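Fold and geometry: a report
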Amino acid sequence: MQINPKKCVACGNCTYVCPMGAIYIDPVLKRATIDRDECVECYTCFNGLSQEHLNPTLVRTVRKMFAAMRIRFEPEPDVCPTAAFEPDELTWPRVVRRAFSDPRVPHESTGVEGRGTEEVKTNDVTGRVGPGDVGFTIELGRPGVGARFRDIQEMSRALAAAGVAFEKKNPITSLMSDVATGTIREDILDEKVLSAIVEIKVPVARAEEIIRLVWEVEKRIDTVVSIGAGVRCDAHGDDTVVAPILERLGYDLARAKTNIGLGRRGAPAEEPALVVSGFSRT
Amino acid sequence: MTNTLHRFGSAASFDDDFIVFAMACKGPFKQENALEGLRRFLQIAIEYGPVNLGDARHGGAIRPSRQMNPFAHWSRDNRPDFQAVVDGLTDVTTCAAVFDDRDKAEQFVKRIKEENLGLSVNVSTSIAGAEDCCAYAGIPRHSVGYSLGFEGKTEKMPNAQVMMLSTMCGHGMISHSLAKKMIDFVKENRRTPEQCAATLTRFCSCGVFNPSRATRILEDARTKVS
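All residue numbers here refer to positions counted from 1 along the written sequence of the relevant chain. Each chain gets a letter, beginning with A, and each ligand a number, beginning with 1, in the order they are written. With the structure being a predicted model, the display of local features is reserved for residues of pLDDT at least 70 and the display and counting of side-chain atom pairs for 80 or more, all residues being used for whole-chain, interface and lining totals.

1. What about the overall build of chain B?
What counts as a helix is a DSSP run of H or I of at least four residues, what counts as a strand is a run of E of at least two, and both are numbered from the N terminus. Secondary structure assignment for chain B yields eight helices and five strands. Tracing chain B from N to C terminus, the helices and strands come up as β-α-β-α-β-α-β-α-β-α-α-α-α. Computation of the radius of gyration draws on C-alpha atoms, with the globule rule given as 2.2 Å multiplied by the number of residues to the power 0.38. For 226 residues, the compact-globule estimate of 2.2 N^0.38 gives 17 Å, and chain B sits close to it at 17 Å. Taken along its principal axes, the extent of the C-alpha atoms in chain B is 50 × 40 × 30 Å. Counting the 226 residues in chain B, one finds 58% classified as buried. Exposure in this text rests on C-beta crowding, where 20 or more other C-beta atoms within 10 Å of a residue's own make it buried, 12 or fewer make it exposed, and counts in between make it partly exposed. The C-beta atoms are placed from the backbone.

2. Overview of the interface of chain B and chain A
Between chain B and chain A, the contact holds 79 residues from the first and 86 residues from the second. Contributions of two or more residues to the side of chain B that touches chain A are made by helix H3 (102-115), strand E4 (120-126), helix H4 (127-137), strand E5 (143-152), helix H5 (160-166) and helix H6 (176-187) of chain B. With 10 residues, E5 of chain B is the largest single contributor of residues to the side of chain B that touches chain A. All amino acids are sorted into three groups, where Ala, Val, Leu, Ile, Met, Phe, Trp, Tyr, Cys and Pro are nonpolar, Asp, Glu, Lys and Arg are charged, and the leftover types, Gly among them, are polar. Residues belonging to the side of chain B that touches chain A are distributed by class as follows: 32 nonpolar, 32 polar and 15 charged. Our contact criterion uses C-beta atoms placed from the backbone: two residues qualify when those atoms are within 7 Å.

3. Points about the confidence of the model for chain B
The predictor attaches a confidence to each residue, called pLDDT, with possible values from 0 through 100. Model confidence for chain B is summarised by a mean pLDDT of 95, while 99% of its residues fall at 70 or above. Here the predicted complex carries an ipTM of 0.96, next to a pTM of 0.94.

4. Considerations on the nonpolar core
Any nonpolar core is a set of buried residues, restricted to Ala, Val, Leu, Ile, Met, Phe, Trp, Tyr and Cys, that join up through C-beta atoms within 7 Å. Counting residues in hydrophobic clusters, the biggest one holds 142 residues, and the most contacted among them are Val20, Leu119, Ile174 and Leu200 of chain B. No other element matches the six residues that strand E1 (residues 18-23) of chain B contributes to this core. Composition of this core by domain shows at least three residues from each of domain 1 (2-86) and domain 2 (105-248) of chain A. Here leucine 119 of chain B is in contact with Leu262 and Gly263 of chain A together with Ala22, Met23, Ala24, Gln31, Ala34, Gly37, Leu38 and Phe41 of chain B, once residues within four sequence places are set aside. Delimitation of the domains relies on an automatic or database domain assignment.

5. Concerning the domain arrangement of chain A
Residues and elements named next belong to chain A. Here chain A is described as being made up of domain 1 (2-86) and domain 2 (105-248). Listed per partner, the contact involves five residues of domain 1 and five residues of domain 2. Partitioning the side of domain 1 that touches domain 2 into residue classes produces four nonpolar, no polar and one charged.

6. Details of H4 of chain B
Among all positions in H4 of chain B, only Ile127, Gly129, Ala130, Cys133, Cys134 and Ala137 of chain B are buried. Down the axis of H4 of chain B, the smallest arc covering the buried residues is 165 degrees, so these residues share one side. Considering only its buried residues, H4 of chain B is in contact with strand E15 (255-259) of chain A together with E1, H3 and E4 of chain B. Of the residues flanking the end of H4 of chain B, it is glycine 138 of chain B, one or two places downstream, whose phi is positive at about 75 degrees. To obtain the arc, one takes the directions from the helix axis to the C-beta atoms.

7. Describing the environment of asparagine 33 of chain B
Residues and elements named next belong to chain B. Relative to the helices and strands, asparagine 33 is located in the loop between E1 and helix H1 (34-47). We classify asparagine 33 as partly exposed; it has 14 C-beta atoms within 10 Å. With 59 residues separating them in the primary sequence, asparagine 33 and valine 92 have C-alpha atoms 9.3 Å apart.

8. Points about the sheet that holds strand E13 (residues 196-203) of chain A
Where strands meet in a sheet, backbone hydrogen bonds hold them as pairs that are either parallel or antiparallel. Strand pairing is assigned whenever DSSP detects at least two bridges linking the two strands. What the 10 strands build is an open sheet, ordered E9(A)-E13(A)-E7(A)-E14(A)-E5(B)-E15(A)-E4(B)-E1(B)-E3(B)-E2(B); its pairing is antiparallel. Both edges of this open sheet fall to strand E9 (165-166) of chain A together with strand E2 (52-55) of chain B, since each of them pairs with a single strand only. H4 of chain B rests against E15 of chain A together with E1 and E4 of chain B of the sheet, and its axis sits at about 135 degrees to E4 of chain B. Every axis corresponds to a line fitted to the C-alpha atoms, with the helix fit spanning only the stretch in contact, and the corresponding angles, defined between N-to-C directions, vary from 0 to 180 degrees.

9. A word on unusual backbone geometry
Residue and element names in this part refer to chain A. Residue proline 93 follows tryptophan 92 across a cis peptide bond; omega there is 5 degrees. Position of proline 93 among the secondary structure elements: in the loop between strand E6 (85-86) and helix H4 (95-101). Along the chain, arginine 142 connects to proline 143 via a cis peptide bond; the corresponding omega equals 10 degrees. Inspection of the secondary structure puts proline 143 in the loop between strand E7 (133-140) and strand E8 (147-148). Of note, the phi angle at glutamate 41 is positive, near 60 degrees, even though the residue is not glycine. Mapped onto the secondary structure, glutamate 41 falls in the loop between strand E3 (31-34) and helix H2 (44-48). We classify glutamate 41 as buried; it has 26 C-beta atoms within 10 Å. Its identity is not glycine, yet alanine 83 carries a phi of approximately 50 degrees, on the positive side.

10. Observations regarding the pairing of E7 of chain A
All names here are of chain A. Summarising burial for E7: seven of the eight residues are buried, a large majority. With eight bridges connecting them, E7 and E13 associate as antiparallel partners. Within the sheet, the bridge partner assigned to valine 134 lies in E13 and is valine 202. When E7 meets strand E14 (residues 224-232), the two strands line up antiparallel, connected through six bridges. Looking at the pairing, glycine 135 lines up with glycine 230 of E14.

11. Topic: H6 of chain B
An α-helix turns once every 3.6 residues. As a result, residues three or four positions apart point the same way. Expected helix span is taken as 1.5 Å per residue step, with the number of steps being one fewer than the number of residues. Taking 1.5 Å as the rise per residue, H6 of chain B with 12 residues should run 16 Å; its terminal C-alpha atoms sit 17 Å apart, in good agreement. Within H6 of chain B, the full set of buried residues consists of His176, Ser177, Leu178, Ala179, Lys181, Met182, Ile183 and Val186 of chain B. On its buried face, H6 of chain B is in contact with helix H1 (13-17) of chain A together with H5, helix H7 (193-201) and helix H8 (211-223) of chain B. Asparagine 189 of chain B sits one or two residues past H6 of chain B and shows a positive phi near 60 degrees.

What follows is the structure in structure tokens.
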């Protein structure tokens, strides 16, 4: 993302809307400026701010007059008065930032907007997580902190060393240069994203071991982690197996998403090849 | 992704937060006529009085404007446009309806079951709230995705009121800074909670943000510090 300095009037509205806090008013340039290393190309500034198309010179003049008289200028907080944000052409490896940060850009591997797969949301059709399984979604960077692929790799390598299999359709899996070791391709390790999800499935008997492993990795990485645990309910709609394990580990189970089992299977078709955002794995 | 799952708050704080979303499986078993089913899902939702409605490609019922009239600063339209969401659905994607009332959510879920759309339908709320929806509709839960909350470097996260607002967009499009700014606006009486909730809603790119819950949180934040 770029900010056109000819249009920007340094109103500062955008500094608040950036989820990464990567936008600031440069005191010398007197223009909004993006810290390119912190920007995750989520396009929140471009997509979320309403746009006016006012004359920049006029707006700057009015703002200077108001500032000289110490009058507070109070426009709507979610408006860019001069439509100064301009998307730029993203190239590799920076383009992976947008693929993991802008939810309106679907990953070609999953066809799903966002950063993960359908996981238990379509479990009534796919049967991805069966009785006796736990499907874990381990999301790094959420909420509002962001994560580098180097930290994501720390998690994926630890899980691989424990012998777990990664969800094949997950975008992170398809960016691994070596899935067996959880190694992510070298050229993206310093790229930062809003968040990314590592997905695995293990037998219930390994649930506690995996959670303790994640806790250990959390101590070594510089971001936040949110874990989701997906389970298949029994014929009565109950889960009497996994919830007790999670509660024993100290989790206060307050919220969940519940698949209510209304999905119907269509006719089987051939699965598409695994590709992420048009880039090959090598 | 898990965009509705990890909302910050106690189970009681989700008493006015029910997201019902529908999606068609993308894999080898993808459903036919999924687009029509999703459109029907959204149309039915309107009958039950949602507080937001959205699809993952085009956003929710309160959206930003690409050509905002400068005079709108004095008369901003903060009303949700539900029909625009239905009319704007062009692709098979995830569609969501947000309710701030348990009865409405339960009745909607029961109706969706009766409509037999063939889509996968999920209810994202407190565990007990979803169980009630299933019981009312007479269906057992198929699968559950538990939120285990946030851990790791939690010192990087803001206070509870900011978290309750910003995590209502699981995609992370609502920054902690903007949520804090809206709380400050309400504290200073520069904007009403409803106006600030609408501002936040515009940043949610898939329509799962709950402006009614946000209004309540902002009103609470006027006098209480978390």
